[in-house]
Amino acid sequence: MSENVESGTTPVAAEAAPQSGFSRRRFVLGTGAAIGAATLIGRTATSAAALPGGTVIGDGARVQALIVGSGYGGSVTALRLAQAGVNVHVIEQGMSWDTPGSDGKIFANTTSPDYRSYWLRTRTKAPLSNFLGFPIDKDVPKYTGILDAEEFSGITVYQGRGVGGGSLVNGGMAVTPKRENFGAILPSVNPDEMYNTYYPRANAGLGVTNVDQRWWESTQYYQFARVGRKHAQRSGFPFVFVPNVYDWDYMKAEEAGTVPKSALAAEILYGNNGGKKSLAKTYLPAALATGRVTISPQHRVTNVAPASGGGYTVSMETIDTSGNVTGVKTVVADKVFFAAGSVGTSKLLVKFRDTGSLPNLNGEVGTGWGDNGNVMCGRANHMWDPTGAKQSSIPTAGIDNWAAGGAFAEVAPLPTGIETYASFYLSITKNPNRAQFSYNAATGKVDLNWQTAWKQPAIDMAKSIFDRINSTEGTIYRTDLFGTYKIWGDHLTYHPLGGAILNKATDNYGRLKGYNGLYVMDGSLIPGNTSVNPFVTITALAERNIDNIITYDV
Ligand code: FAE
């Protein structure tokens, strides 16, 4: 089978945004990073020179495996297929994020968003829209930035954009759900194989570790979390430490002043220049080190349809940093793996089914979408309970009231650089509401029928924690973070899940029903809720499914 790739220079046009030197350089992550990553994944890398980054898929290519999207599902799929001897092409609409801007940094700080921060918006859309009641959003140049605030009629869905997907922007909280909750999360999956094999494999591949609790007890950067613990425990709630993918030694060095501050300088939402082990430091360099993987950034898949001679014709556009289409490519792939995220994969599949490209996809496609019950709130503490002007942007703990009240609340940082006396929380709740994607022939777009009012069960569940804490502490909710006199951040989710549910839209391992050689590998397989932050479960499920696919289909 011939493998056709282009190498070298970028197919994108001149860049409009005011930034210096984004060039589509080789996707080189440095020898140290590559070897470190490959060691995490359990194999040995040779050298950075072996990385085939920089080659992108060629127009007219015939390829073995094509992966749409480079987040958790896509990265696991790329690595494991390549290790099994398959040549893999990863198509990613976002940038490769390998070149610093004029400030010397690749990513912008959370406190000062710029052109790098948002995906093709002309105004920021910060999850916390207000501070002290004042709106904080500002105009930015339209650019293929790192965070997408994708707006549907009843909800804004935040997602990462770039090589590494959501791992570039997320808080790194790497949580394996409690085993007793697993039956409700993925009812058709054998928990023994997940808890004995695939969760451990995912945690190892992602580089998940626990914070040094002695250091956590003493550093000023986790004062906010210690206040959160005190308040949880005084109200009788279990306070649990949560693992993360941040390099804790790097964070300690940040505090000591021996490396540039990153998590301790509020970097997270728009990317992290320091110790966070995104997929670009773990699975992806290990995949590239096999020599069998190419990654094509700024390529957006637009259609997939059966090819006359077998396999699938995949159409894609190349885009510049303003989002303009600069070219089109068509390739034929023996197998196509959808890993464009819950929203991305669902939108593609619903459109392909309803416009006739893949008419045999079943009626389950597009259904069962949930927000992982996300809802945010803040509490106003007393003056004698400061949460600290200095806060690490990396969360380390949560309040577990899942069994009794249907809520798990992340004790989240609010790294503004000033003392706010605020405790801030992102709650994951058992909200049972589920939405559906549908193709809108009039607009040519895919809609999602979520309604803002469907967050009410989530609010009620979060109140099972915070009403009691406020009562115990004699405190009140903050009303200045999401508008004027608005308590609940009920307009958004960070955790989209579902739309191509395992064992319904697909078989029990992600094979799309109706077609041989089409697969779903990402968060769209999970029916709307994981009871905790989702990326470890997405990674572990992808590890499980690709094992089965390699055994029987490759
Ligand atoms: P994802 O990582 O979204 O990757 C999909 C990729 O596909 C993206 O890079 C897209 O650009 C790309 N794509 C989409 N459409 C196309 C197309 N047509 N052509 C080419 N490429 C395309 O999918 N989860 C946790 O577990 N812990 C946390 O602490 C946490 N914090 C979060 C904080 C924020 C602000 C956000 C936004 C999310 C957070 N999450 C967290 C959620 C987590 O990042 C998310 O569940 C995963 O990234 C989803 O993984 P997928 O592989 O499904």
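Structure: above.
Counting restarts for each chain, with residues numbered from 1 along the sequence as it is written. Per-residue local features of the predicted model are confined to residues with pLDDT of at least 70, and side-chain atom pairs are confined, for both listing and counting, to 80 or more; whole-chain, interface and lining totals are unaffected and use all residues. Side-chain metrics rest on all non-hydrogen atoms present in the structure, leaving aside hydrogens and water.

**Side note on the pattern of salt bridges**
Okay, so step 1: Throughout this description, the term salt bridge denotes a Lys or Arg side-chain nitrogen within 4 Å of a carboxyl oxygen of Asp or Glu. Enumeration according to the criterion identifies 27 salt bridges in this entry.
Okay, so step 2: Between Lys178 and Asp400 there is a salt bridge, with the nearest N and O atoms lying 2.7 Å from each other. With Lys178 in the loop between β8 (156-160) and α3 (179-185) and Asp400 in strand β15 (residues 397-401), this pair connects stretches of sequence that are 222 residues apart.
Okay, so step 3: When its relative accessible area of 12% is taken as the criterion, Asp400 is described as buried.
Okay, so step 4: Via salt bridges that share partners, Asp148, Glu150, Arg161 and Lys347 belong to a single interconnected network. Each helix is a run of DSSP H or I of at least 4 residues and each strand a run of E of at least 2, with the numbering of both proceeding from the N terminus. Relative accessibility thresholds used throughout: buried, under 20% of the residue-type maximum; exposed, over 50%; partly exposed, between the two (1.4 Å probe, protein chains only).

**Here's the deal with the sheet that holds β8**
In any sheet, the strands associate via hydrogen bonds between backbone groups, in a parallel or an antiparallel arrangement.
Okay, so step 1: Spatially, β7-β8-β21 is the arrangement adopted by the 3 strands of the open sheet, whose pairing is mixed. Each of the sheet's edge strands pairs with one partner strand only, and the pair in question is β7 (147-151) and β21 (492-493).
Okay, so step 2: Two strands pair under a simple rule: DSSP has to find at least two bridges between them. The sheet contact formed by β7 and β8 spans 5 bridges and is antiparallel. Of the residues in β8, the one forming a bridge with Asp148 is Gln159.

**As for the packing of aromatic side chains**
Okay, so step 1: Two rings belonging to Phe, Tyr or Trp (six-membered ring only in the last case) form a pair when the distance between their centres is within 6.5 Å. Interplanar angles under 30 degrees mark stacking, angles over 60 mark edge-to-face geometry, and anything in between is tilted. Counted according to the given criterion, the structure contains 24 aromatic pairs.
Okay, so step 2: Aromatic pair Trp215 and Tyr222: ring centres 6.0 Å apart, planes at 80°, arrangement edge-to-face.
Okay, so step 3: Residue Tyr222 is classed as buried on the basis of its relative accessible area, which comes to 0%.
Okay, so step 4: An aromatic cluster of at least three residues, connected via ring pairs, comprises Trp215, Trp216, Tyr222, Phe224, Phe239 and Phe241.

**Section: the site of the ligand**
Okay, so step 1: Any residue with a heavy atom lying within 4 Å of a molecule or strand is counted as near it. For the ligand, the set of nearby residues contains 37 residues, the closest of which are Glu92, Gly166, Met173, Gly523 and Phe535.
Okay, so step 2: Polar contacts, as used here, are pairs of N or O atoms within 3.5 Å; protein pairs need one atom able to donate a hydrogen and one able to accept it. Residues neighboring in sequence count only if both atoms are side-chain atoms. Note that an oxygen atom of the ligand is positioned 3.0 Å from one of the backbone N or O atoms of Gly73.
Okay, so step 3: Gly166 has a polar backbone atom sitting 2.9 Å from an oxygen atom of the ligand.
Okay, so step 4: Its residues placed into classes, the shell around the ligand shows 15 nonpolar, 18 polar and 4 charged. When residue character is reported, Ala, Val, Leu, Ile, Met, Phe, Trp, Tyr, Cys and Pro are called nonpolar, Asp, Glu, Lys and Arg charged, and the others, Gly included, polar.

**Observations regarding the sheet that holds strand β16 (residues 407-412)**
Okay, so step 1: Spatial strand order, β9-β15-β16-β17-β14-β20: 6 strands in an open sheet with antiparallel pairing. Each edge of the open sheet is held by one strand with a lone partner, namely β9 (239-241) and β20 (476-477).
Okay, so step 2: Relative to β16, β15 runs antiparallel, the two being bridged by 4 bridges. Within the sheet, the bridge partner assigned to Asp400 lies in β16 and is Phe408.
Okay, so step 3: When checking whether two residues touch, look at their non-hydrogen atoms; a contact exists if any pair is within 4.5 Å. A fitted line through C-alpha atoms serves as each axis, taken over the contacting stretch for helices, and the angle formed by two N-to-C directions is quoted from 0 to 180°. In the packing of helix α6 (residues 223-234) onto the sheet, the strands contacted are β9, β14 (375-380), β15, β16 and β17 (422-429), and the crossing angle to β9 comes to about 145°.
Okay, so step 4: The strands touched by helix α11 (residues 456-473) within the sheet are β14, β15, β16, β17 and β20, with β14 carrying the most contacts at an inclination of about 10°.

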